[in-house]
Amino acid sequence: MTAGAPHEVSSLEELQQLAELVDVVYYEVSGRRTEGFDASDGADEEMKAAGDDRADIRLMQRMEGNRLAVRTRALVVTSEGRLVADVAALFRTPEPVRIPAAVAKRFAAVIATPVTRPYLREAIHQSAVKLGIAAPVLPVLDLEDIGLLPPAQPPTTP
């Protein structure tokens, strides 16, 4: 390779071969019980809607030089509290590379998310336990959605 422009990765398989997992980093782990806070104290909007249980999971990525960070952030709001976990998988390539958006998105979904997901689930669960509220169960990864399993075929009739 020349010292000029970084090599452009052509496929998920190529990036998977190049990228080495070097660390898992927590950016945020927090929780708050709803009990003890009233709507007038400036609490988050999510907490004001008691009984509106939901989870918002976001995937973010950033490439700088030869480092790729893929973050997964979960905000879980239940009638008992608000829980947040933000975890990143940090990867390193031997030299700087350019990653097309489609390859980066696929890498985040197929390779990085399965790395961060257990850390995310554990942080949400432990925060709930420490707060004395029911621990929400985050959905497992849908392997069909990220392409690790073929789509389910409808049953055939004999």
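Residues numbered from 1 in each chain as written. Predicted model: local features only at pLDDT ≥ 70, side-chain atom pairs only at ≥ 80, totals over all residues. Heavy atoms only, no water.

K.L.:
I keep staring at the sheet that holds strand S2 (residues 20-33) and nothing clicks. Help me out?
P.N.:
Within a beta sheet, neighbouring strands are joined by backbone hydrogen bonds and run either parallel or antiparallel to one another. Taking strand neighbours across the sheet as the criterion, the four strands line up as S2-S5-S4-S3 in an open arrangement whose pairing is antiparallel. Among the strands making up the open sheet, the edge pair consists of S2 and strand S3 (54-64). Here the average twist between neighbouring strands, direction ignored, is 10°. Bridge count for S3 against strand S4 (residues 67-77) is 11 bridges, and the pairing is antiparallel. Residue pairing for S4: Met63 is matched across the bridge by Leu68. (Pairing = 2+ DSSP bridges. Helix = DSSP H or I, 4+ residues; strand = E, 2+ residues; numbered from the N terminus. Axes fitted to C-alpha atoms, helices over the stretch in contact; angles between N-to-C directions.)

K.L.:
Looking at this structure, I do not really get the environment of Asp86. What am I missing?
P.N.:
Mapped onto the secondary structure, Asp86 falls in strand S5 (residues 81-92). Overall, Asp86 belongs to the buried group, its relative accessible area being 3%. Taking C-alpha positions, Asp86 is 4.1 Å from Arg73, a pair spaced 13 residues apart along the chain. Beyond its immediate chain neighbours, meaning those up to four positions away, Asp86 contacts Val25, Tyr26, Tyr27, Glu28, Met60, Arg71, Thr72, Arg73 and Leu120. (Buried < 20%, exposed > 50% of the residue type's maximum accessible area, 1.4 Å probe, protein only. Contact = heavy atoms within 4.5 Å.)

K.L.:
Sorry, what's going on with the environment of Val76 here?
P.N.:
By the secondary structure assignment, Val76 is in strand S4. Here Val76 falls in the buried class, since its relative accessible area comes to 4%. The spacing of Val76 and Pro136 is 60 residues in sequence and 7.9 Å in space, taken between C-alpha atoms. Ignoring any residue separated from it by four or fewer positions in sequence, one finds Val76 in contact with Arg54, Ala55, Gly81, Arg82, Leu83, Ile124, Pro136 and Leu138.

K.L.:
I keep staring at the pairing of S5 and nothing clicks. Help me out?
P.N.:
Counted residue by residue, S5 has 10 buried out of 12 residues, so it is predominantly covered. Note that S2 and S5 share 12 bridges and pair antiparallel. Bridging from a neighbouring strand, Val24 pairs with Ala89 of S5. The sheet contact formed by S4 and S5 spans 11 bridges and is antiparallel. Bridge assignment links Arg71 to a residue of S5, and that residue is Ala88. Connecting the antiparallel pair S4 and S5 is a turn made up of three residues.

K.L.:
Would you take a moment to explain the pattern of salt bridges for this structure?
P.N.:
In a structure, side chains of opposite charge can pair up when their charged atoms sit close to one another. Applying the stated rule across the entire model yields eight salt bridges. Between Glu20 and Arg92 there is a salt bridge whose closest N-O contact spans 3.3 Å. Here Arg92 lies in strand S5 and Glu20 lies in strand S2, a separation of 72 residues in the sequence. Accessibility expressed as a relative area gives 44% for Glu20, which makes it partly exposed. The salt bridge involving Arg62 is made with Glu64; its shortest N-O contact spans 3.3 Å. The network of salt bridges with common partners includes Glu28, Arg71, Arg73 and Asp86. (Salt bridge = Lys/Arg side-chain N within 4 Å of Asp/Glu carboxyl O.)

K.L.:
Looking at this structure, how should I read the packing of aromatic side chains?
P.N.:
Aromatic ring pairs: the centre-centre distance and the angle between the two ring planes describe each pair. Within this structure, the stated rule accounts for two aromatic pairs. Ring geometry for Tyr26 versus Tyr119: centroids 6.3 Å apart, planes at 75°, classification edge-to-face. Here Tyr26, found in strand S2, pairs with Tyr119, found in helix H3 (residues 101-131); they are 93 residues apart in sequence, far enough to count as distant. Accessibility expressed as a relative area gives 37% for Tyr26, which makes it partly exposed. Each ring, one from Phe91 and one from Phe107, has its centre 5.0 Å from the other, and the planes form 75°; the classification is edge-to-face. Of this pair, Phe91 sits in strand S5 while Phe107 sits in helix H3, placing them 16 residues apart in sequence. (Phe/Tyr/Trp six-rings, centres within 6.5 Å; stacked < 30°, edge-to-face > 60°.)

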